[in-house]
Amino acid sequence: MPEVQQTCIMVKPDGVRRGLIGEVIRRIEHRGYRIREMKLFTVDPELAREHYAEHSEKPFFGELVSFITSGPVVAMMVEGDDAVAGMRQIMGATDPRDAAPGSIRGDLATLITENIVHGSDSVESAERELKLFFG
Ligand code: IDP
Ligand code: MG
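Residue indices begin from 1 for each chain and proceed along its sequence in written order. Starting at A for chains and at 1 for ligands, labels are handed out in the order in which the entities are written. Residues qualify for local features only when their pLDDT is at least 70, as the model is predicted, and side-chain atom pairs are given and counted only at 80 or more; totals for whole chains, interfaces and linings, by contrast, use all residues. Side-chain measures here rest on the full set of heavy atoms in the structure, leaving out hydrogens and waters.

(A) Just the side chain of glutamine 5, in detail. Each helix is a run of DSSP H or I of at least 4 residues and each strand a run of E of at least 2, with the numbering of both proceeding from the N terminus. Positionally, glutamine 5 belongs in strand β1 (residues 4-11). We call two N or O atoms a polar contact when they sit within 3.5 Å, provided that within protein one can donate a hydrogen and the other can accept it, with sequence-adjacent residues counted only if both atoms are side-chain atoms. Engagement of the side chain of glutamine 5 in a polar contact is seen with the backbone nitrogen of alanine 83, the distance being 3.3 Å. Only heavy atoms matter for contacts: two residues are in contact if any of them lie within 4.5 Å across the pair. Setting aside its immediate chain neighbours within four residues, glutamine 5 contacts Val78, Glu79, Gly80, Asp82, Ala83, Val84, Ala85 and Val123.

(B) Expanded view of the site of ligand 1. Neighbouring residues are identified by heavy atoms, a residue being near a molecule or strand if any of them is within 4 Å of it. Neighbouring ligand 1 are Lys12, Tyr52, His55, Phe60, Leu64, Arg88, Thr94, Arg105, Ile112, Thr113 and Asn115. The separation between an oxygen atom of ligand 1 and a polar side-chain atom of threonine 94 is 2.5 Å. A distance of 2.7 Å is found between an oxygen atom of ligand 1 and a backbone nitrogen or oxygen belonging to isoleucine 112. Note on areas: these come from Shrake-Rupley sampling with a 1.4 Å probe, and a residue is covered only by the protein chains present in the view. Surface burial for ligand 1 is 78%, taken as the share of its 530 Å² of free accessible area covered by protein chains. Along the lines of polarity and charge, the residues of the shell around ligand 1 split into 4 nonpolar, 4 polar and 3 charged. The nonpolar class holds Ala, Val, Leu, Ile, Met, Phe, Trp, Tyr, Cys and Pro. Asp, Glu, Lys and Arg form the charged class, and all remaining residues, Gly among them, are polar.

(C) How the structure looks around the sheet that holds strand β2 (residues 34-41). Should DSSP find at least two bridges between two strands, the strands are taken to pair. Reading across the sheet, the 4 strands line up as β2-β3-β1-β4 and stay open at both edges, with antiparallel pairing between neighbours. Two strands bound the open sheet, and with one partner strand each, they are β2 and β4 (117-119). Averaged over all pairs of adjacent strands, the angle between their axes in this sheet comes to 20°, without regard to strand direction. For β1 and strand β3 (residues 73-81), the ladder comprises 8 bridges, and the chain directions are antiparallel. By the bridge assignment for β3, glutamine 5 is matched with glycine 80. Contacting β1, β2, β3 and β4, helix α2 (residues 21-31) runs over the sheet at an angle of about 165° to β2. Throughout, an axis means a line fitted to C-alpha atoms (over the contacting stretch in the case of helices), and angles, computed between N-to-C directions, take values from 0 to 180 degrees. Relative to β1, helix α5 (residues 83-91) is tilted by about 35°, and along the sheet it contacts β1, β3 and β4.

(D) Main features of the pattern of salt bridges. By salt bridge we mean one thing: a side-chain nitrogen of Lys or Arg within 4 Å of a carboxyl oxygen of Asp or Glu. Applying the stated criterion across every chain yields a total of 6 salt bridges. With a closest N to O distance of 3.4 Å, arginine 34 and glutamate 79 form a salt bridge. Taken together, the residues arginine 34 in strand β2 and glutamate 79 in strand β3 connect sequence positions 45 residues apart. By relative accessible area, which is 11% here, glutamate 79 ends up buried. Note that aspartate 95 is salt-bridged to arginine 97, the shortest N-O span being 3.0 Å. A single salt-bridge network, built from bridges that share partners, covers Glu23, Arg26, Arg27 and Asp107. When accessible area is computed with a 1.4 Å probe and restricted to protein chains, residues below 20% of their type maximum are described as buried, those above 50% as exposed, and intermediate ones as partly exposed.

Function-wise, these values are silent; they only describe arrangement.
Listed below in structure tokens is the structure:
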């Protein structure tokens, strides 16, 4: 049975700079998910480090934090049936070179460092991230 879930989605600074907020929202809404919360703001370094804590030991962590704080993002609480895995499908693989055509990353991106969207990878991550972004 499907479960109604909430997931944390973010249009990253590259997506906002390229004017793709509407394109991402269109795909979310057309799938049948609802946007419950949404805000445009610039992530500060402390929030960025907390959000990406699982990657803190990775060689690309510094670059990741400076990128995600480089301009405004649009953070959303997205809700729907099995929305966590469903949004990961819509987003496509982390590296746009592996992302299926038809997915956001497969259609709109070429670089792993500028892959347009963030989406929670599990229900537990979604709860943690939604608390960080929306309290
Ligand atoms: P996800 O965004 O698909 O969940 P994660 O593995 O959680 O992917 O990585 C978070 C973000 O860090 C990715 O979206 C991507 O922008 C960036 N990233 C992941 N792996 C690499 C890498 O090997 N080099 C540079 N950036 C990376
Ligand atoms: Mg992730």
